[in-house]
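Commentary on secondary and tertiary structure
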Amino acid sequence: RTVRKQCAPVIVANAFENETGVQPPVGFWDPAGFTSEGDAYEFRRRRVVELKHGRVSMLACMGYITPEYFKFPGYLAPSIGLKFSDVPNGLAAISKIPGSAIAQYITFCGLIELFFLVDDPARGPGDFANAGALGIPKAGPIADPASKAKKLSAEIANGRLAMMAIMGMFFQDGLTGSAWGDWSLYTDSPLRAGVLDGTGGPRPDD
C-alpha cells in the first residue's frame, strides 16, 4: 500500500512586499501575521482601515495643536452662553461641550462614512469617487505615477506617525491634564519622584 505524505500548505510570505507603504528600514511589517496567507481581500481591507485611522489621527493631532494658538470668536452654544474661548483644550473639552453638540459630531461623521466617502473596490484603498487625490475633496488627480506613489507613501507614513502621536497625547492628557505632558501636574509621576534624574528620591520642591 502506498502511503501519501501530507504536505503543509505553502504560505506566500512576500505577497505584499511591493505594496505602497512598505518602506525601509522596516519593510513589510506584519508581526501578528494578519496577512500571512496572502489574502488580497484581507490586505486591502486592512489597508483601507489603516488609511482611515491615519487620516482621522492626523486631524485629531491638528485638533490638539490648533486651539493652543487659535480659537473661533463668538459662541459655540449661544443658548447656554458657551463661548469657544470657554472650552478647554484636549480631553477636558468633553466635559464642557453639550451632549447635543457631541451627537451632531457623531451624526456628521456617520453620514460621511455611510454616504459620501464610500469605499469602491474598483478604486485604490482610500481613493473615493467624491474626493480627489489623497482623499482631499476637489483635489485634482496626480498625473505623474512616481509623484503619486511618493505622495501616497508619505501619507501612509504620516498617518502611522499620527496614530502614535495622538495616543501619546491622549495618554499624557489623561495623566497630567495637558497633551504636552506637564508632569509637574501629575503627583505620581516618576519624574517628580526623582527616578529619572538620578537622585533616587523626591526633589526639593516636592
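For the structure itself, consult the block above.
Residues numbered from 1 in each chain as written. Predicted model: local features only at pLDDT ≥ 70, side-chain atom pairs only at ≥ 80, totals over all residues. Heavy atoms only, no water.

**Structural notes on helix α3 (residues 145-176)**
Over its 32 residues, α3 runs 46 Å from end to end, which matches the ideal 46 Å to within 8%, given 1.5 Å per residue. Here α3 has its buried residues at Glu 155, Ile 156, Gly 159, Ala 162, Ile 166, Met 169, Asp 173 and Thr 176. On its buried side, α3 packs onto α1 (40-65). A positive phi of about 85 degrees marks Gly 177, the residue just after α3. (Helix = DSSP H or I, 4+ residues; strand = E, 2+ residues; numbered from the N terminus. Expected span 1.5 Å × (residues − 1). Buried < 20%, exposed > 50% of the residue type's maximum accessible area, 1.4 Å probe, protein only. Contact = heavy atoms within 4.5 Å.)

**Description of α1**
The end-to-end C-alpha distance of α1 is 37 Å, a good match for the 38 Å that 26 residues give at a rise of 1.5 Å each. Residues of α1 that are buried include every one of Glu 42, Phe 43, Arg 47, Val 48, Leu 51, Gly 54, Arg 55, Ser 57, Cys 61 and Tyr 64, and no others. Contacts from the buried residues of α1 go to α3.

**A closer look at a nonpolar patch on the surface**
Taken together, Met 62, Ile 65, Tyr 69, Phe 70, Phe 72 and Trp 180 make up a surface patch of nonpolar side chains, about 710 Å² in accessible area. Structurally, Phe 70 can be placed in the loop between α1 and β1 (75-77). (Patch = residues over 30% accessible without salt bridge, like charges linked within 9 Å, V, L, I, M, F, W, Y side chains within 5 Å. Areas by Shrake-Rupley, 256 points an atom, 1.4 Å probe, with all protein chains shown as cover. Salt bridge = Lys/Arg side-chain N within 4 Å of Asp/Glu carboxyl O.)

**Brief notes about the environment of Gly 81**
Residue position: Gly 81 is located in the loop between β1 and β2 (82-83). Setting aside its immediate chain neighbours within four residues, Gly 81 contacts Tyr 75 and Asp 86.

**Section: empty space enclosed by the protein**
Applying the stated criterion across every chain, the model contains one cavity of 30 Å³ or more. If you add up the space inside the largest cavity, you get close to 40 Å³. Every element with two or more residues in the lining of the largest cavity is listed here: α1 and α3. Partitioning the lining of the largest cavity into residue classes produces four nonpolar, two polar and four charged. (1 Å grid on protein atoms, 1.4 Å probe; cavity = no way out; pocket = protein on both sides within 12 Å on 5 of 7 lines; lining within 4 Å. Points joined across faces, edges and corners; volume = space filled by probe spheres on them. Nonpolar A, V, L, I, M, F, W, Y, C, P; charged D, E, K, R; others polar.)

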